[in-house]
Amino acid sequence: MGNDRRKKIHLSKIYSFRRRKGEFKDDHSQIGGPGFSRVVYCNEPSDSEASSRNYASNYVRTTKYTAASFLPKSLFEQFRRVANFYFLVTGILSFTDLAPYSAVSAVIPLIIVISATMVKEGIEDWQRKQQDIEMNNRKVKVHRGGGVFDHTEWRNISVGDIVKVEKDEFFPADLILLSSSYDDAICYVETMNLDGETNLKLKQALEDTSYLHGDENLRDFRATVKCEDPNANLYAFVGSMEFDEQQHPLSPQQLLLRDSKLRNTDYIYGAVVFTGHDTKVIQNSTDPPSKRSKIEKKMDKIIYFLFGVLFTMAFIGSVYFGIVTRDDLEGRHKRWYLKPESANIFFDPERAPMAAIYHFLTALLLYSYLIPISLYVSIEIVKVLQSIFINQDIHMYYEETDKPAHARTSNLNEELGQVNTILSDKTGTLTCNSMEFIKCSVAGTAYGYGVTEVEKAMAKRNGSPLIVNGKDYVDNPAHGANHSSIKGFNFDDDRIMNGNWVNEPHSDVIQKFFHLLAVCHTAIPDVDEETGKVTYEAESPDEAAFVIAAKELGFEFFNRTQSSVSVNELDPMSGKRVERSYKLLNVLEFNSTRKRMSVIVRDEEGKLLLLCKGADSVMFERLSINGRKFEEETREHVNEYANAGLRTLILAYRELSEEEYKAFNEKFVEAKNSVSADREEMIDEVAKKVEKDLILLGATAVEDKLQQGVPECIDKLAQAGIKIWVLTGDKMETAINIGYACSLLRQGMKQIIINLETPKIIELEKTGDKDAVTKASRESVLQQIMNGKFQVTASSSEAFALIVDGKSLAYALEEDTKMLFLELAIGCASVICCRSSPKQKALVTRLVKDGTKKTTLAIGDGANDVGMLQEADIGIGISGVEGMQAVMSSDIAIAQFRFLERLLLVHGHWCYRRISSMICYFFYKNVTFGFTVFLYEAYASFSGQPAYNDWFLSLYNVFFTSLPVIALGVFDQDVSARYCLKFPMLYQEGVQNVLFSWRRIIGWMLNGLCSAVIIFFLCTKALDPQAFKKDGQVAGYQILGATMYTCVVWVVNCQMALAISYFTLIQHIVIWGGIALWYLFLLAYGAMPPSISTTAYKVFVESLAPTPSFYIITIFVVISALTPYFVYNTIQMRFFPMYHGMIQWIRHDGRFDDLEYCKIVKQRSIRSTTVGFTARSLARTNPLEIGSHN
């Protein structure tokens, strides 16, 4: 953009709301009432009343902790976990005489684990703190009196300050726009930080403050703003400004939001109304709903189960201990070495019950090693590393927008491998949301020979050639070479291109049609002064496509001022291009309730015209009796366009009389100037009264192409057994045909359609009896659901598709109907919900999640998908063209729908398998270790004697066995990514949770128990009666403990080596390094003085290392302990292989090229109820075979 004044004036030639001096209507005003109590005194920093209101400062803190609260708050967070709290209690008890080990050895592992987690949280919070410091220390010019502006840090800005923001600076708080560098007080704002949208928004100050251009003019400026209290609504603002003893209504048009950026405007002046945590952007920055994976919840139950085992073991041991302690009274003194006659309370036969209670507490401390102390922190580390791998996957990087995948939370990695149902938006998710004008219907004649993806898919489905312009359509790469390469325009029809429309029978209607496209919009033109080329900044891709289409067909919108729109067009009378200007009087904006937008203009002949475009569902009913000349043909064309997967709009107009416009405008201005929460409803009501008696011109059709790879992705996900639901706001016909194009529906699949287009309901709607319509609709939907259930139940081998429209869905989601609806939907292969509102999307997601109790994944790209994403177990945001609202509310962001295939089938499967195996192995190694402690204590008459040295006990989980588990969780692969994608049914292992079922968890625990029994009894029997050393000495309990511990370290690490499917160098290092570390520790620790090393003093150097039997016992015990698992695994792999086992056989036997065998394995994933083109192809070629796999 140039800096010269001429260019600057050109930039402001843009339409905005007509500015009028507003007057307050007392009956509409809510200022001063509940929710509207804020009063701001502008430019009066010393005003006592202003300072007494105590509004929030502009200092913003996004950190979770402060320097003072970090320690207590972080410790509280850590000890909320039941396992950590248990270890805290045992750590405290270790300072008493009850402890069977030293307090230091008990507390240090807990400190290490808690500190690791606290350091991680501290680093994350410090990074947030640095961001806060950077933001709070940004500077902006603030008026300090006398027309002088000084640079001031954001944190020091107060409510009521006047600030001067310059080009490309961010707004430091929520401001009321007073004036700008433009004469008409407009400015351009980029809101990417708020909603991700890159198109510029236009803001405009009140006319009465627009003169405040220089710093000096602010010297004596005083005003009072009364407005709504702080809230999170970004798109609404209700307030008034009292200035020069007049009240002026304020709207969102005057509000500049914090973190927006000033663009294409040299400077603005603004009054601060909301600061810090009162600003709308901070009000919106609430934490997303806390989500925990099902595995994590189940892990808590396993911890409780192990607590139950621990308490049971302690109770049984204590009862036995109490009985044998009481027996010491009889004088036989079986346990003479305890000296019961002079024992303290722990072994006193006369106080046996008390001794048993004390022993119970001692046992709780001793058996605490059943609970894995490092489990939580290890899982957190693994999940963070897994997220990094997801973020770094080059196969999920979209080069066109330079966007990789981004895991915004690591809590749900394993949940990605358990998705049962995907609920997807359509526009921008399955499709590109990049609209192309491809066809239109004008005056009952269809124009445009373009062929859509859906039409190609329909022709392929029907097996018939596609006829275009009377000829067979041939799809080849060269096709379309003659088409325009202009983005948003893919129209081809010589009848109206290149000015040929003047020769058409209804050329006057065609002219009005394209006039409407060129004028009825809110797009902003930008003319390149060097080339003269016009580009457009539009609020939506649809609107941009319409303006571009009008331009390409000869009606070029090139200029917009505050009150006019200029179009360069062909004059059919003279045959020359002329410039025509339309005076812009009012804009009646589009919203999701109105489903239409209109403009009121005055043409050069002085005629008042209302130009309107909107959805067919609201436009046809607004036509006048005389304006329906082409209705039948247009409806037919609209249905054809919908069948071709196109988005349609109806175009119509009417002339207004001066009296009618005057009456409308008075009411419209009154509604615009009202200061109340229902202002929008009042404006809609006024607009509704003028948008009537329209004359139909025709309809537009734009194509939203399928994203690349969508049909292939859906096919793979369907083969994986994942159900796919599409929730869209489109018409039923459009949604159905998009379903065919992306292989969600297929020929031969029976469709169960639930709608309210029955003659009875249509008749009732004409009577206007809402209660009767509601009752009849409810009964009709219930009946249709019951009929559908009967069809699905009666035919178990056929595939069904359920298609529901928005009105029916509202009744289907009612409390007494929703479970029946869900049962029907679950029985269908695919579900499509049409005309769905954002709330309905969220409610359907909740119904599926709560009703099936299985993992749901929602994927969408727009603000209307946020509720659905937050409601699902996993929310996936598409970083597309609709802004970043969906991404900011998601758990994981990807750039294209097709990346979902790799995210779920590869990363999801790997993460699920890794986390499941990791947790099972954690419990295995702790059960193995804990039960050797229990067995030794039983062997020692439950005397509370630990089998191992204190530090052996403490460092087992932290050093000698922790790293291999982390390596398993990060690197292990049962099959490669290539095989995950080739055999999608592998994914069902996660959906059915076969790798983390109670059977498998208990199996691993029993494996640990078996290993503990073998280690303990083989070691004790091998060492007990024989001389151990050369001098004939037998092994003491120190030698037995060190030998058993060596065997445990070897067994659990070798068990890890057996369980791993994919060895990397890192895994070799951590597994064999863990064993080596034990020997090094034993050597170093044993070299310390006896006061420190106690029972480990030189035990390795003097007792174990020189003795051959130590090595023989170790080898023999390790082989014996691993044999049961090896035998079980061999039998299972050979005779009862799981699905991943079968794929591993293919890989190891080199049968990847054996097409017949691979086909047998793959077809386990193709069932008759599966969607996707693979299932469609199989159903077409061999319908009997597909039924046999059901």
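Keep in mind it's a predicted model, so treat the numbers as computed, not measured. (Residues numbered from 1 in each chain as written. Predicted model: local features only at pLDDT ≥ 70, side-chain atom pairs only at ≥ 80, totals over all residues. Heavy atoms only, no water.)

**Q** What's the story with the overall build of the protein in this structure? I'm lost.
**A** Helix and strand counts for the protein stand at 41 helices and 35 strands. Relative to all contacts within the protein whose residues are 6 or more apart in sequence, the contacts with residues 24 or more apart total 74%. A total of about 50,900 Å² of accessible surface is found on the protein, and carbon and sulfur atoms cover 55% of it. (Helix = DSSP H or I, 4+ residues; strand = E, 2+ residues; numbered from the N terminus. Contact = heavy atoms within 4.5 Å. Areas by Shrake-Rupley, 256 points an atom, 1.4 Å probe, with all protein chains shown as cover.)

**Q** When you look at empty space enclosed by the protein in this model, what are you seeing that I'm missing?
**A** In this approach a probe as big as a water molecule rolls over the atoms, and the regions it shows empty are the leftover space. Here the structure, examined in full by the defined rule, presents five cavities of 30 Å³ or more. Of the volumes computed, that of the largest cavity is approximately 130 Å³. Together, 14 residues line the largest cavity, and F87, A106, P109, Y369 and I373 are the ones closest to its centre. A class-by-class count of the residues in the lining of the largest cavity yields nine nonpolar, five polar and no charged. (1 Å grid on protein atoms, 1.4 Å probe; cavity = no way out; pocket = protein on both sides within 12 Å on 5 of 7 lines; lining within 4 Å. Points joined across faces, edges and corners; volume = space filled by probe spheres on them. Nonpolar A, V, L, I, M, F, W, Y, C, P; charged D, E, K, R; others polar.)

**Q** Looking at this structure, I do not really get the pattern of salt bridges. What am I missing?
**A** Working definition: two side chains of opposite charge can pair if their charged atoms are close together. Using the criterion set out here, one finds 38 salt bridges in the structure. Between R80 and E77 there is a salt bridge; the shortest N-O distance is 3.4 Å. (Salt bridge = Lys/Arg side-chain N within 4 Å of Asp/Glu carboxyl O.)

**Q** So what exactly am I meant to see when it comes to the sheet that holds strand β9 (residues 239-243) here?
**A** The strands that make up a sheet pair up through hydrogen bonds in the backbone, lying either parallel or antiparallel. Ordered by their spatial adjacency, four strands build an open sheet running β1-β8-β9-β10, and the pairing between neighbours is antiparallel. Each edge of the open sheet carries a strand with a single partner, namely β1 (38-42) and β10 (246-250). Strand-to-strand, the axes of this sheet are offset by a mean angle of 20°, without reference to chain direction. Sheet topology places β1 next to strand β8 (residues 223-227); five bridges connect them, and they run antiparallel. Within the sheet, the bridge partner assigned to V40 lies in β8 and is V225. (Pairing = 2+ DSSP bridges. Axes fitted to C-alpha atoms, helices over the stretch in contact; angles between N-to-C directions.)

**Q** How should the sheet that holds strand β7 (residues 201-204) be read in this particular structure?
**A** What the three strands build is an open sheet, ordered β7-β6-β12; its pairing is antiparallel. Both edges of this open sheet fall to β7 and β12 (261-263), since each of them pairs with a single strand only. Going from strand to strand, the sheet's axes swing by 45° on average, the running direction of each strand aside. Pairing between strand β6 (residues 186-190) and β7: four bridges, direction antiparallel. Looking across to β7, one finds that Y188 is bridged to L202.

**Q** What exactly am I supposed to notice about the environment of P252 here?
**A** Locating P252 in the fold gives a position in the loop between β10 and β11 (255-256). The class of P252 is partly exposed, set by a relative accessible area of 25%. For P252 and F237, which are 15 residues apart along the polypeptide, the C-alpha to C-alpha distance reads 5.0 Å. Here P252 is in contact with K203, Y235, A236, F237 and R679, once residues within four sequence places are set aside. (Buried < 20%, exposed > 50% of the residue type's maximum accessible area, 1.4 Å probe, protein only.)

**Q** Help me understand the packing of helix α27 (residues 899-939) against helix α33 (residues 1037-1059), please; the structure alone is not making it clear to me.
**A** At a minimum axis distance of 11 Å, the contact between α27 and α33 shows a crossing angle of 160°. Between α27 and α33, the crossing angle belongs to the class labelled roughly antiparallel. In this structure, α27 crosses over α33, and the sense of that crossing is right-handed. Listed contacts from α33 to Y921, Y924, K925, T928, F929, T932 and Y936 of α27 are Y1037, L1040, M1044, Y1045, V1048, V1051, V1052, N1053, Q1055 and M1056. Residues that form the contact of α27 with α33 fall into these classes: twelve nonpolar, four polar and one charged. (Parallel < 35°, antiparallel > 145°, perpendicular 65-115°, else oblique. Left-handed = near helix turned anticlockwise from the far one by under 90°.)

**Q** Sorry if this is basic, but what is going on with the confidence of the model for the protein here?
**A** Atomic detail in the predicted coordinates should be set aside for any region of low pLDDT. This prediction gives the protein a mean pLDDT of 83; 85% of its residues lie at or above 70. In the model, residues 1-28 has pLDDT below 50 throughout and makes 78 contacts with residues more than four positions away in sequence or in other chains. Per-residue pLDDT stays below 50 along residues 1180-1190; that stretch engages in 16 contacts with residues further than four places along the chain or on separate chains. (pLDDT = per-residue confidence, 0-100.)

**Q** What's the story with the packing of helix α21 (residues 770-794) against helix α23 (residues 818-826) in this structure? I'm lost.
**A** Packed helices, taken two at a time, are described by their axes: the angle between them and the distance between them. Where α21 contacts α23, the axes come no closer than 9 Å and their chain directions differ by 35°. Of the two possible hands of crossing, α21 and α23 adopt the one that is left-handed. In contact with L782, I785, M786, G788, K789 and V792 of α21, α23 contributes L820, F821, E823 and L824. In the contact of α21 with α23, the residues fall into seven nonpolar, one polar and two charged.

**Q** Just checking my understanding: could you explain the nonpolar core for this structure?
**A** Across soluble globular proteins, you tend to see nonpolar side chains buried next to one another. Counting 109 residues, the largest nonpolar core has Y367, I371, F923, Y948, F952 and Y1045 as its most contacted members. Residue contributions to this core peak at 16 residues, all from α27. The contact partners of Y367, leaving out residues within four places of it in the chain, are L310, M313, A314, V933, F934, E937 and F942. Counting 79 residues, the second largest nonpolar core, distinct from the first, contains V565, V618, V638 and Y653. (Core = buried A, V, L, I, M, F, W, Y, C linked by side-chain atoms within 4.5 Å.)

**Q** How do you make sense of helix α19 (residues 732-741) when you look at a structure like this?
**A** Think of an α-helix as turning once every 3.6 residues; residues three or four places apart then point the same way. Of all ten residues in α19, nine are buried; the element is thus mostly enclosed. All buried positions along α19 are accounted for by M732, T734, A735, I736, N737, I738, G739, Y740 and A741. S743 sits one or two positions beyond α19 and adopts a positive phi of about 70°.

**Q** Before we go on, may I ask you to explain the side chain of D300 in this structure?
**A** The topology assignment puts D300 in helix α8 (residues 294-327). Classification of D300 by relative accessible area gives buried; the value is 16%. If we skip the residues at most four places from it in the chain, D300 touches R292 and Y376.

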